[in-house]
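# Survey of secondary and tertiary structure
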Number of protein chains: 2
Amino acid sequence: MSRPLTVSFVDPESRRPTREVEVAPDGSLTLLQVAQSAGLEIMATCGARGRCRTCRVKILQGEVPPPTMQDRVQLGADEIQERFRLACQTRVIGPCSVLPAPPLTEGGHQILAAPTRLDKGTIALDSGVEKHVIVATPPTEENHQTSDLEEIVSRLPRPVADENTPLGALRDLPQTLRAKGGQVTVTTFLNRILDIEAGDTSAHKLGIAFDIGTTTIVASLLDLDSGEELASVANMNPQAVYGGDLMSRIAYAQFDAKKLATLRAKALNAVNDFIEEACAKAGVSARHVYKIVVVGNTCMHHVFLGIDVSYVGLAPYAPVVRHAVVVPATELPLKAAPHAVVCLLPIVAGFVGADTVACVLATRIYASEEQRALVDIGTNGEVVMGNKDRLMACSAPAGPALEGAQIRHGMRGALGAIEKVRIEGDVECDVIGNVPAIGICGSGLIDAAARMLDAQVLAGSGAMRHDLKDSLAAPLRDRMTKTAEGRNQFVLVHQEESGKGEAVTLTQNDIRQLQLAKGAIYSGILTLQKVMGTSDSELAELMLCGGFGNYINTASAVRIRLLPPLPLDRITYFGNAAHVGAQMALLSETERMRANELARRIEHVALASQPNYQDVFVDAISFAMPA
Amino acid sequence: MSRPLTVSFVDPESRRPTREVEVAPDGSLTLLQVAQSAGLEIMATCGARGRCRTCRVKILQGEVPPPTMQDRVQLGADEIQERFRLACQTRVIGPCSVLPAPPLTEGGHQILAAPTRLDKGTIALDSGVEKHVIVATPPTEENHQTSDLEEIVSRLPRPVADENTPLGALRDLPQTLRAKGGQVTVTTFLNRILDIEAGDTSAHKLGIAFDIGTTTIVASLLDLDSGEELASVANMNPQAVYGGDLMSRIAYAQFDAKKLATLRAKALNAVNDFIEEACAKAGVSARHVYKIVVVGNTCMHHVFLGIDVSYVGLAPYAPVVRHAVVVPATELPLKAAPHAVVCLLPIVAGFVGADTVACVLATRIYASEEQRALVDIGTNGEVVMGNKDRLMACSAPAGPALEGAQIRHGMRGALGAIEKVRIEGDVECDVIGNVPAIGICGSGLIDAAARMLDAQVLAGSGAMRHDLKDSLAAPLRDRMTKTAEGRNQFVLVHQEESGKGEAVTLTQNDIRQLQLAKGAIYSGILTLQKVMGTSDSELAELMLCGGFGNYINTASAVRIRLLPPLPLDRITYFGNAAHVGAQMALLSETERMRANELARRIEHVALASQPNYQDVFVDAISFAMPA
C-alpha cells in the first residue's frame, strides 16, 4: 500500500485551510465523497450525477485531473482552464488543496415556500386534543379496590380507553396525582390519554404542522384551541446536500440502509430544530405540543419514517405504505410532549403523496361543482383534476430546471437572480434586490422563454433562431452569441452589467431543459384532460399551488405551454396549499379524516403507462400549439 | 475537608483485596452503601434495616466501630467480639479492610420455585399469534394504486388493521417482499401485524411465560403451536440485594426515581438474560419469540414497567394501574421479536397482584361448585376463597421469616439447611444434602415448632417452657439453653454435630417471628371465612400454591395454625400456580381474557380495615386453638 494522500479544503471566506483529510491514493473516491466524509457539506443538487454545477470546486494546488465529459458540459472550457471541476466527478489522484466554489454565486437564499397563513374561519376547531382539569382523590382505605389511573379516569367527562394509556404517562402518576391536592390536567387525543400533569395546564394546547418539501421545510406552531399561529419557521431541507431532486435523493439512499439513516437523521434533526425554534419564538414549551401533522411527498414521507425508498425510485414507484400513519413522538423520536401523536397524511399512489392530499384538502377541489385543476409545480409536479364527483391525479417528474438547477446560469430565487424579463426593442431584466444580475431563477426563465418566443429569437420547436439573427434589430442580434463550445446562446445581461464578471446567458441546452420540465407538467395536465374527457373550456379554474407558483407570470406560463391556454382570470394562485392542508388536519380531525377518505377516492393515473403518452409528451415539449 | 479514607474489600475465597473505595471521613455512609456504590453485591434481605444477618461482614483490619443495638440482636456477643458487624448498620469512621461474610453459610442456593409443568391437554391452544405464509406480488405497472403493505395484507386469510402495523415492520418491507420471489411469512397477533419475514418461517412460533417473584424468577419457553415446553430457566431475583421482602424493596426505591431505575434494570436484565438462556437451551432464536406473558405481585409488576412504587408501599397500598398492560417488546425493551407483545396479567387491588390472578386462573377455583381456598405462602401471602359464584382475596404481609430471614440461624432451603424435625425422645433433623446442619429453612422451622409444641417445650402462647424444663427427659432438657444475651433458646443441633462451629438453635425471638408470619397468613384465611360466612367444614379444598408450599409438612402447618384444622386430605399442593397461570395466558387468549374478567370479579378484602381485625390477628398468632 502506498502512503495516503492529503486533501485540504479551503474556506471560501478566510481562504485558509479548514479541513484536512487523509485519502487512499487509489483514485477510488471523488472529491465530493471525501468532503462529505469529512462533514463538509458541498451541495450536489443532481445527486452526484454530473448533471448540475452546484458541487463546483477549484483546485488551488496540486495536480488537476483531466476533465470528464460532465465537467466539459457543465463548466465549459473557460472554467476547466481555470482549474474548476465538478467535485462529484473528480477522483483524488494526488495531494491537493480545494476551494468549494458554489457559495460564491448563491448568497442569502430566500425561501420561496414561505408559510401561507390558514384562513381558520373556514374550518371546525376539532383537533382531537382535549385538556381536562379535574380534582381526583387518591385511593383510600374505604375505596381500596381501585388504582390511581382509575380514580383519574372516573373524573373525566367522557370514557377513555384507559388500557391505551402510554406507559410513560403512568410512571410518575402517583406523584402527579398527589402534588397539587389532586388537581391534575389530563390531555386526551380522541379517546385515549396522552399526558397527565399536576395542576392546571389547560392554557397550553399546541400543535405543529410540517410541510417537508424536497427543497424546503416549513412549519407552523398553532394554538389548538384558538387556531392562532404562534410562530412559523421555514428553511432549506438539509437533505439537499445529498441531491436536489427526488430521484437524486432516492438514488443516494437506494439499497443502502446507512445512507437512508443519514438522510433520515437530517430530516429528523431539522424537524426537531424547527420545533425548538418555533416554541422559542412563541415563548412556549415543546412539552405542550401534543399533535404534529406532517405532509410531504412519498419520498420525504418514507425517509422521515425510516422506510426503505429503494423501490419508490423504480417503476412503478410503489409506496411501501399508503395509509395515514400515526406514531407517538417518542418512537421517531420528536422532542414534543413525549406521547404527542405524529400524524402523517396518507399517500394516493406513487409520487402523488401526502403533500398532494393536503393540497386537495386545502383547495377544496373535492367539493367543486365545476371541473377544476390544481397544479403543484416543483422538482416533481403533481396535477389533480376533477370535481365533487370524481378526482384524478398524476405526478410529473419535471426535474429541478424550474428551480434554476441544470441551467448554465441558473440559481434559486435569491439576491441577484433575474426574475422577470421584458423584450421591447431590447432586453430588460428585473433582478431580485435590484443588484447586478448573477444568474436567472425559474420565473425569470419562463419569462425569458416567453419573450424570446414573442421576439422570434426562439422558434416554437425550441430552437434558437441564430440562422435568422440578421433579420432582428441590432440590440437583439448582438445578444445571439456562441458559447465557448460553439453552441448557440442568448445574452440576457452583458458582461459589463453583470454582477458575475461574465455575461448571464441562456444556452440552447438551457432551453431544452426548460422544455423537458414544462413538458412533463403540461403532459400531466393534457393526460388528465384526456382520461377525464374534459376540455380547456370546461376547466373553471386552474389553481397553482406551492412556493414556485407564486412567482411565475401566468401569461408567460401559458405562452410557453407550461399551462393550458385558459383565460388568465381562470388561473389563480393558492399559495402553499400543502402547508395549509397540513394546518387544517392539525386543527381539525374532521379535515384529517377527510384526507383519509380523499386519498382512497382520488384515482391515480400513471403517466408512463398511458397509451400514446409519448405522443402527448412530445407535443407538450413544444412551445407551439399543435396545428 | 479531611482526606478521604480507604475501605478495602477482601474476597472471601482468595482472601485478597478485590476492591478499594475512597470514602469521605464524615461517617455519613454505611459499609453496605460503600460496597454497593463499588458494585459489590452484599445481600441485604431486610432492606438494610438491621433486621437480618445477610449483610454480615468481618472487619479484618482497622478500627471496629462500637456495635449498634441491631448488631447485638442479630449477631450476638460472640460474633461482635470476633469483629463481625452488620454492613447496613456500620458507618465508616476510619480506614479499614472488610470481609463480606454471609456466603460462608449459604453456598449453592437451590431454587424452591422450580417451574411447574403445565398440563397443556386442558387448555385451548389459541395464543393469538398466527403465522401466515403467503406469496405476494409487488405492485406492478398495471396495479399501481397500491402499496407493498396492501399487497401483503390482501393475501392474508382474514382482514387485519393494517394501520396498526408497527413502523419497524415496514422499514425493510420492500426488500423482504422481493427477497424470495414474494414468499413472506406474516406474523399476526389478534388482528394486527407483528412481523413480516422473507421466506417460510412458520415452524418458529415461540412465547415465554415469566413469573417474577420477590425471591425468584421463573421462565418457560413454549412452542405456541404445540404448547410444548422447549426450555425452562429459574434463578434468584437479582433485586434481592436491595431488600429480601416486598416492603424492603419498596422502601429502597420509595421517592427515589434513580433507585427505582436501578431495581428496574436488575429485573429487565434478568428477564433478557432468561430469554437468551432459554432460547440457547432450546436452540432457537429469540427473534421468533412473539408473545411474552409476565406475572408478578404488584410491586414486581410496577417496577418491571418502571412505574413509581412509592405509594404502593403506603396504606391503602393502591396500585397505579390495574388493567392488563400490553406493550411492545421494544418499549421496555426486551430482546425478543422487536414487536413482540408483552402481556402483563391484571391486578386485583393492593398486593393481590397479577401473580394471584394467575393462581386463580391455574387452579380454576373460579369454576368450583364447592367452596375452595388457595393460599400462596411467600414474603407476602395471598389468600383467595370462594367458588363459581363469588371470589374474595386478601393479601397478608407475612415477611421473610418463612424463607429463613430474620431467624437467628435461618437460611433458605439450601445445602445444610434443616428441613424436617422429629422429636421422639430426642430431636432428629433431616438436613438438605445430608451434611452437617448449618441453619434452618422455613419448612424446618414449621416442623420444629410443631414438634416443640407436641413435646411441650413450647407453650400454645409461643413461650419456651424453660420454667418446666426439669419435667422433661434429659435429652430435651439439655437443649433448653440461654443465648449469650441470656434469652431462652432451644438447641436443634449441638455444636459438635453442627457444620457451622456453633450450635444451631431456635431462639425465643425466632419463635415470635414465626408467629407473626404464620399469624398474618392464618388471619387472612380466618377473615375471608368470616366475611364470606364459610366454616372450615364447608371448605372442600385448600390448595397451597407457590414454591414454598411444596416443602412444608401440612400436618405441622395445621399444628402450628398456619393453616386451618382441615382433614389433611383436603389440603393439596398445586405447585407454582402463578407460573402455570402465566403459561396458560401465553398459550391461550381465552385464558388471558378470562384473567381480565377474573380480576374485575374478585372482591378485594383489605385486612387492616376490617372491623375487629386486630382480634383476629392476635388469635391467629397463637399456636393454641381458642377455647
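Going by the structure above, here's the rest.
This report concerns the structure included in the present document. Since this is a predicted model, take the numbers as computed values, not measurements.

Tallying secondary structure elements over chain A gives 16 helices and 26 strands in all. Here the C-alpha radius of gyration of chain A, 27 Å, is about what a compact globule of 627 residues would show, namely 25 Å. Oriented by its inertia axes, the alpha-carbon framework of chain A measures out at about 100 × 70 × 45 Å. Per-residue burial over chain A gives 54% buried out of 627 residues. A separation threshold of at least 6 residues defines the contact pool for chain A, and within that pool the share at least 24 residues apart is 68%.

Residues and elements named next belong to chain A. With six of six residues buried, strand β15 (residues 371-376) is to be regarded as a mostly interior element. Across the two faces of β15 the burial is the same, with Q371, A373 and V375 and R372, L374 and D376 all buried. As paired strands, β15 and strand β24 (residues 539-545) are joined by six bridges and run parallel to one another. For Q371, the partnering residue across the bridge sits in β24 and is L539. Bridge count between β15 and strand β16 (residues 381-386): five bridges; the pairing is antiparallel. In the sheet register, R372 faces β16, and the bridge partner there is G386. Between the end of β15 and the start of β16, which pair antiparallel, lie four residues.

Residue and element names in this part refer to chain B. The antiparallel open sheet is built from three strands, whose spatial order is β21-β22-β23. This sheet does not close on itself; its edge strands, each paired only once, are β21 (480-482) and β23 (504-507). The mean angle between the axes of side-by-side strands here comes to 45 degrees, regardless of whether they run parallel or antiparallel. As paired strands, β21 and strand β22 (residues 488-493) are joined by three bridges and run antiparallel to one another.

Moving on, we come to the sheet that holds strand β6 (residues 129-135) of chain A. Two pairing modes exist for strands in a sheet, parallel and antiparallel, and in both the strands are linked by backbone hydrogen bonds. All names here are of chain A. Reading across the sheet, the three strands line up as β6-β7-β8 and stay open at both edges, with antiparallel pairing between neighbours. The sheet terminates laterally at β6 and β8 (192-198), the two strands that pair on one side only. Along the sheet, successive strands turn relative to each other by an average axial angle of 25 degrees, direction set aside. Across six bridges, strand β7 (residues 183-189) lies against β8 in antiparallel orientation. Across the sheet, V184 pairs through a bridge with A198, a residue of β8.

What follows covers helix α8 (residues 298-305) of chain B. Residues and elements named next belong to chain B. Across the eight residues that make up α8, a large majority, eight, are buried. The set of residues buried in α8 consists of T298, C299, M300, H301, H302, V303, F304 and L305. G306, located one to two residues past α8, shows a positive phi value of around 80 degrees.

Attention shifts here to the pairing of strand β16 (residues 381-386) of chain B. Residues and elements named next belong to chain B. Within β16, six of the six residues are buried, which leaves it mostly tucked inside the rest of the structure. Residues G381, V383 and M385 line one face of β16 and the alternating positions E382, V384 and G386 line the opposite face, and both faces are buried. Between β16 and strand β17 (residues 391-396), which pair antiparallel and follow one another directly, the connecting turn spans four residues.

A word on the packing of helix α12 (residues 508-532) of chain A against helix α16 (residues 613-621) of chain A. All names here are of chain A. Axis separation between α12 and α16 bottoms out at 8 Å; the angle between their running directions is 125 degrees. For the element pair α12 / α16, the angle class is oblique. As α12 packs across α16, the resulting crossing turns out to be right-handed. Residues Q515, L516, G519, Y522, S523, L526 and T527 of α12 pack against Y613, V616, F617, A620 and I621 of α16. Here the contact of α12 with α16 is composed, by residue class, of eight nonpolar, four polar and no charged.

The two chain copies are connected by a rotation around an axis plus a translation along it. Least-squares fitting of chain B to chain A yields an RMSD of 0.1 Å, with the superposition described by an axial translation of 0.0 Å and a rotation of 180 degrees. Considering both components of the superposition, the chain copies are consistent with a two-fold axis. Considering only C-alpha atoms, the residue of chain B closest to the rotation axis is B:E331, which sits at 4.5 Å.

Here we come to the interface of chain B and chain A. Each partner contributes residues to the interface: chain B has 42 residues there, and chain A has 42 residues. Of the residues contributing to the side of chain B that touches chain A, the split by class is 20 nonpolar, twelve polar and ten charged.

What follows concerns the environment of A:T481. Residue and element names in this part refer to chain A. Residue placement: T481 occurs in strand β21 (residues 480-482). Taking the number of C-beta atoms within 10 Å as the measure of exposure, T481 has 14 and is therefore partly exposed. Considered as a pair, T481 and K469 are twelve residues apart in the sequence and their alpha carbons are 9.9 Å apart. Non-local contacts of T481, meaning those with residues more than four positions away in its chain, are made with Q489 and V491.

The rules behind these values
- Residues numbered from 1 in each chain as written.
- Chains lettered and ligands numbered in written order.
- Predicted model: local features only at pLDDT ≥ 70, side-chain atom pairs only at ≥ 80, totals over all residues.
- Helix = DSSP H or I, 4+ residues; strand = E, 2+ residues; numbered from the N terminus.
- Rg over C-alpha atoms; globule rule 2.2 N^0.38 Å.
- Buried ≥ 20, exposed ≤ 12 C-beta atoms within 10 Å, placed from the backbone.
- Contact = placed C-beta atoms within 7 Å.
- Pairing = 2+ DSSP bridges.
- Axes fitted to C-alpha atoms, helices over the stretch in contact; angles between N-to-C directions.
- Parallel < 35°, antiparallel > 145°, perpendicular 65-115°, else oblique.
- Left-handed = near helix turned anticlockwise from the far one by under 90°.
- Nonpolar A, V, L, I, M, F, W, Y, C, P; charged D, E, K, R; others polar.
- Least-squares fit on C-alpha atoms with pLDDT ≥ 70 in both.

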